[in-house]
Amino acid sequence: MAQDKIKITLKKSSSGSNPKQRAVLHGLGLRRINQTVVKADNACIRGMVFKVKHLIEVEEGA
């Protein structure tokens, strides 16, 4: 059984954002603009994505 994946790309800088949002980006593994990570599509990751949705771009089924 293959698990679904999502591709997350940092599109805007985290400077000037809330320290909690910076921590979420760090937890997702995003440190530089245009850096992309592939994560499992689960409730935990979706919650993190929701917190920083204005800074990132998400692609379904990566």
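Residues numbered from 1 in each chain as written. Predicted model: local features only at pLDDT ≥ 70, side-chain atom pairs only at ≥ 80, totals over all residues. Heavy atoms only, no water.

## Focus: the overall build of the protein
Tallying secondary structure elements over the protein gives two helices and three strands in all. Going residue by residue from the N terminus, the α and β elements of the protein occur as β-α-β-α-β. Taken over the C-alpha trace, the protein has a radius of gyration of 11 Å; the compact-globule value for 62 residues is 11 Å, and the two agree within 12%. Along the three orthogonal principal directions, the C-alpha set of the protein runs to about 40 × 20 × 15 Å. Counting the 62 residues in the protein, one finds 31% classified as buried. Within the protein, contacts between residues at least 6 apart in sequence are counted, and of these 70% link residues at least 24 apart. Carbon together with sulfur atoms contributes 52% to the accessible area of the protein, which is approximately 4,300 Å² in total. Side-chain charges of the protein comprise 12 positive and 5 negative groups, with the mean position of each set lying 12 Å from the other. (Helix = DSSP H or I, 4+ residues; strand = E, 2+ residues; numbered from the N terminus. Rg over C-alpha atoms; globule rule 2.2 N^0.38 Å. Buried < 20%, exposed > 50% of the residue type's maximum accessible area, 1.4 Å probe, protein only. Contact = heavy atoms within 4.5 Å. Areas by Shrake-Rupley, 256 points an atom, 1.4 Å probe, with all protein chains shown as cover. Lys, Arg positive; Asp, Glu negative; His and termini not counted. Charge placed at Lys NZ, Arg CZ, Asp CG, Glu CD.)

## Let's talk about the side chain of Gln35
As for its position among the elements, Gln35 is in the loop between helix H1 (19–28) and strand E2 (36–40). A distance of 2.8 Å separates a polar atom in the side chain of Gln35 from the backbone nitrogen of Arg31. A distance of 3.1 Å separates the side chain of Gln35 from the backbone nitrogen of Arg32, its partner in a polar contact. Other than its neighbours up to four places away in sequence, Gln35 contacts Ile8, Thr9, Leu10, Gly29 and Leu30. (Polar contact = N/O pair within 3.5 Å; in protein donor to acceptor, adjacent residues only side chain to side chain.)

## Thoughts on the nonpolar core
Ranked by size, the top nonpolar core spans 13 residues in total, and within it Ile8, Leu25, Leu28, Leu30, Val52 and Ile56 carry the most contacts. Of all the secondary-structure elements, those providing two or more residues to this core are strand E1 (5–10), H1 and helix H2 (43–51). If we ignore the near neighbours within four places in the chain, the residues touching Leu30 are Ile8, Leu10, Leu25, Gln35, Val37 and Ile56. (Core = buried A, V, L, I, M, F, W, Y, C linked by side-chain atoms within 4.5 Å.)

## Notes on H1
Looking at H1, one finds that the buried residues are Gln21, Val24, Leu25 and Leu28. Down the axis of H1, the buried set is contained in an arc of 100°. They therefore lie on one face. Among the exposed residues of H1, those oriented more than 90 degrees off its buried face are Pro19 and Lys20. Close packing links the buried residues of H1 with E1, E2, H2 and strand E3 (56–60). Structurally, the start of H1 carries an N-cap: the backbone nitrogen of Lys20 is 3.0 Å from a side-chain oxygen of Asn18. Of the residues flanking the end of H1, it is Gly29, one or two places downstream, whose phi is positive at about 90°. (Arc of directions from axis to C-beta.)

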